[in-house]
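# Understanding the architecture of this molecule
The residues making up each chain are set out below.
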Amino acid sequence: MTDTASLIKIRDVHFSRGSKLIFDGINMDIHRGKVTAIMGPSGTGKTTLLKLIGGQLVPSAGSIEVDGQNIHQLKHKQLYQLRKRMGMLFQSGALLTDITVFDNVAFPLREHTNLSESMIRHLVLMKLQAVGLRGARDLMPAELSGGMARRVALARAIALDPMMIMYDEPFTGQDPISLGVLVQLIKQLNDALGLSSIVVSHDVKETCLIADYVYLVSGGKVVEHGSPEQLTNSDSQWSQQFMKGMADGPVPFHYEAKDYVEDLLGLQS
Amino acid sequence: MRISRSIEIWVGFFVAIGFVAMFFLSMQVSNLSSISGEPGYDITASFENVGSLKVRAPVAMAGVDIGRVTAIDFDPKSFEAVVTMSIESKYSELPSDSNASILTAGLLGEQYVGLEPGGEEELLEDGSEIEMTQSALVLEKIIGQFLFSSDAEE
Amino acid sequence: MFDIFQRLGASTLGILERLGRGATFLINILISLPTVLVRPRLLITQMFSIGVLSFSLIVISGLFVGMVLALQGFYTLSDFGAEGMLGVMVAASLVRELGPVVTGLLFAGRAGSALTAEIGLMKATEQLSGMEMMAVDPVARIITPRFLAGLISMPLLATLFTSVGVLGGYFIGVGLLGIDEGGYWSQMQSKIDFHQDIMNGLIKSVVFGWVVTWIAVFEGYDAIPTSEGVSRATTRTVVHSAFAILLLDFILTALMFGDV
């Protein structure tokens, strides 16, 4: 893995929210053209990591380089220029609720380009076609199901033909069919458009179907990384428990408590 | 994003009616119509005591408003108050020996300057001064006089 | 016992912190004003939802306030044989005080709370975050048009309130209570001064519009992005706006009408 193959370099990043330490010296490389998955238990700050990469949050130490630029040292204008080349898919879709699907997808085009309305119309229809929702263009976001809303958000994320897309928990709470659609879309778009994708998720099965490389994050550090096959056959017990979804292992089933018998009998411990 | 025409129309209506209301207030409710840029000439008068006369108080002759008080200053040499008044141009034929008094509208109303015409042929012009003036009646002094005079009788 | 002092100190610091955030926020809004002025569509849409939709509330309230003023005023003034001054009384009360203040309070309740809820909800559903990631400044796109719309709408609404109130007073005073029609208007015209009364009332309504809209958009932007957080922010908007209006009214009245 040479340097130029890394689109994003995360080096020794520390980040705290209040008194809670979220990242304690985390290192990652996101490679161009590949689907990289970041997985871990709930609450490890995976969404926070995406916000750090996007420059919305600033680490207390360490650096994040996106396409050769240290994102936290950029001036406001340059940061916004860089963001135009990054697409982000939020967990809830984050569509603007007071305008139609069409206008939502057209939003970045209207804000950032001077294209004519007819050109914008062509582009919007193409993006919607790519996610299979061209016919839904006049619906309001409130009329969409969760899965459809995410697909519209995806169409919006690729509106400006970005170089990368970040997916924040795209598979959470979806029915099997929507799941299948999303999985397929992420992979297809990545390959067809030559994107680099970062998928943050804790859905092991779906993610491993499309991920080229996986980072397992827990306790503010990268626990292990490698291809999906490498991780499934890993030596680490923790990784095994996570990848296979086992109820008990290094992450215990029981929350810390007194001895069971003593507790039942009401004895002082 | 095209806004519907009806929204644009409603906003236009809203702003227009706001201005109409503003116009109504200015014209119908306030005294704007009487101080709106009538050209005038300035005259001055000195008083021992202007009482509670204020700037923009009316100047009247025979009970008819003919102008406004535009400034009230203090002359440190004569220790008198100098009142500058703007008289509407159409009332340009006021005798130069007219006198000015500070009167009260009603019993407890606002104070204004009342002009009474004299008999001279010479007329007041821009910058003229009215010689004969009558100061405002100060209520406390009158009451004081009354008390002293009734005392003296005893 | 020292716990009380500690909590007092902490809440004072908290208040100062919020004030500082609010001030920085206002500066950001003012900086993005030029970008909004070249996109009148955003402004017009907001003027509709803030101004036009408050229209009926303000007009109806103004009418009733004017009518009540005439009714109450008539009975009080007749004790002094001063019914002829009813026009002045109604107009002066409305122009100087009730117009800007009552409109401000109603505006805070209707438009202010709606703004806070809308912006808070956009924050909670990550729409503001999404916009940032799409390289669109949410302050310039969402907040500033609303601020400008509020600033423009308030004085218009206050003027409407006052005018309708004076008319309402006319209907009751002249129509119902039999006061001389000519007297109603002419007394009013001689006593209500354009500069002193109407302009000052207008200035008050602009100041109130500024403050109420600022509080409304700030509370929304600063809200905790949960349903409880948004509801608390909405309440805060109405309460803080009310305090601010009444306090500023006192200060402005003292400054403007102090040496009447």
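Residues numbered from 1 in each chain as written. Chains lettered and ligands numbered in written order. Predicted model: local features only at pLDDT ≥ 70, side-chain atom pairs only at ≥ 80, totals over all residues. Heavy atoms only, no water.

## A look at the sheet that holds strand β4 (residues 61-66) of chain A
Residues and elements named next belong to chain A. Spatially, the four strands line up as an open sheet ordered β2-β1-β4-β5, and their pairing is antiparallel. The open sheet has two edge strands with one neighbour each: β2 (20-31) and β5 (69-70). Relative to β4, strand β1 (residues 6-17) is paired through five bridges, and the arrangement is antiparallel. In the sheet register, Ile8 faces β4, and the bridge partner there is Val66. Against the sheet, helix α1 (residues 46-53) engages β1, β2 and β4, with an angle of about 120° to β1. (Pairing = 2+ DSSP bridges. Helix = DSSP H or I, 4+ residues; strand = E, 2+ residues; numbered from the N terminus. Contact = heavy atoms within 4.5 Å. Axes fitted to C-alpha atoms, helices over the stretch in contact; angles between N-to-C directions.)

## Some words on the interface of chain C and chain B
Each side of the interface is counted separately: chain C has 32 residues, and chain B has 27 residues. Each partner contributes to the roughly 2600 Å² buried at the junction of chain C and chain B, and carbon and sulfur atoms together form 78% of this total. For the chain C face of the interface with chain B, the top three residues by lost area are Leu156(C), Gln189(C) and Phe194(C), together amounting to 20%. Inspection of the chain C/chain B interface yields zero salt bridges. Remark: the boundary between chain C and chain B carries one residue pair in polar contact (both at pLDDT 80 or more). For the side of chain C that touches chain B, the secondary structure elements donating two or more residues are α3 (40-50), α5 (86-124), α7 (138-176), α8 (181-191) and α9 (194-222) of chain C. Sorting elements by how many residues they give to the side of chain C that touches chain B places α7(C) first, with ten residues. The residue makeup of the side of chain C that touches chain B, split by class, is 20 nonpolar, eight polar and four charged. (Buried area = accessible area lost by both parts, 1.4 Å probe. Salt bridge = Lys/Arg side-chain N within 4 Å of Asp/Glu carboxyl O. Polar contact = N/O pair within 3.5 Å; in protein donor to acceptor, adjacent residues only side chain to side chain. Nonpolar A, V, L, I, M, F, W, Y, C, P; charged D, E, K, R; others polar.)

## Observations concerning the interface of chain C and chain A
Taken together, the contact pairs 16 residues of chain C with 21 residues of chain A. Taken together, both faces of the contact between chain C and chain A bury some 1700 Å²; the carbon and sulfur share is 56%. On the surface where chain C and chain A come into contact, there are two salt bridges. Close ionic contact of Arg141(C) with Glu111(A) constitutes a salt bridge, the shortest N to O distance being 2.5 Å. The interface formed by chain C and chain A holds eight residue pairs in polar contact (both at pLDDT 80 or more) in total. Those elements giving two or more residues to the side of chain C that touches chain A turn out to be α6 (127-133) and α7 of chain C.

## Re empty space enclosed by the protein
All told, the structure shown has two cavities of 30 Å³ or more when counted by the stated rule. The space that makes up the largest cavity amounts to roughly 120 Å³. Looking at the lining of the largest cavity residue by residue, the classes come out as nine nonpolar, two polar and three charged. For the second largest cavity, the calculated volume is near 90 Å³. Together, Met22(B), Leu25(B), Val95(C), Pro100(C), Pro155(C), Ala158(C), Thr159(C), Thr162(C), Ile198(C), Gly201(C), Leu202(C) and Ser205(C) line the second largest cavity. Breaking the lining of the second largest cavity down by element, the ones donating at least two residues are α1 (5-29) of chain B together with α5, α7 and α9 of chain C. Split into classes, the residues belonging to the lining of the second largest cavity amount to eight nonpolar, four polar and no charged. (1 Å grid on protein atoms, 1.4 Å probe; cavity = no way out; pocket = protein on both sides within 12 Å on 5 of 7 lines; lining within 4 Å. Points joined across faces, edges and corners; volume = space filled by probe spheres on them.)

## Describing the domain arrangement of chain B
Entries for chain B in the domain assignment read domain 1 (1-30) and domain 2 (40-143). Distance between the C-alpha centres of domain 1 of chain B and domain 2 of chain B: 43 Å. (Domains from an automatic or database assignment.)

## Overview of the nonpolar core
Among the nonpolar cores identified, the biggest contains 67 residues, and Val29(B), Val166(C), Tyr184(C) and Met188(C) are the most heavily contacted of them. Here this core gets 15 residues from one element, more than from any other, and that element is α7(C). Leave out the neighbours within four places in its chain, and Val166(C) touches Phe24(B), Val29(B), Val90(C), Ala91(C), Leu94(C), Tyr184(C), Trp185(C) and Met188(C). (Core = buried A, V, L, I, M, F, W, Y, C linked by side-chain atoms within 4.5 Å. Buried < 20%, exposed > 50% of the residue type's maximum accessible area, 1.4 Å probe, protein only.)

## Looking at unusual backbone geometry
Residues and elements named next belong to chain A. Positive phi, normally seen in glycine, also occurs at Asp67, with a value near 50°. You can see Asp67 is positioned in the loop between β4 and β5. Its identity is not glycine, yet Asp161 carries a phi of approximately 50°, on the positive side. Within the secondary structure, Asp161 sits in the loop between α5 (146-157) and β7 (164-168).

## Description of the side chain of Asp222(C)
All names here are of chain C. Relative to the helices and strands, Asp222 resides in helix α9. With relative accessibility at 19%, the residue Asp222 sits in the buried group. Among the polar contacts listed, one links the side chain of Asp222 to the side chain of Arg21, at a separation of 2.8 Å.

## A closer look at the sheet that holds strand β9 (residues 213-218) of chain A
Residue and element names in this part refer to chain A. Strand order in the open sheet formed by six strands is β6-β7-β8-β3-β9-β10, with mixed pairing between adjacent strands. The sheet is open, and its two edges are formed by β6 (86-89) and β10 (221-226), each paired on a single side. Shown here is a sheet whose adjacent strand axes are inclined to one another by a mean of 15°, direction ignored. Bridge count between β9 and β10: five bridges; the pairing is antiparallel. Within the sheet, the bridge partner assigned to Val214 lies in β10 and is Gly226. Across the sheet, α5 is in contact with β6 and β7; its angle to β6 comes to roughly 170°.

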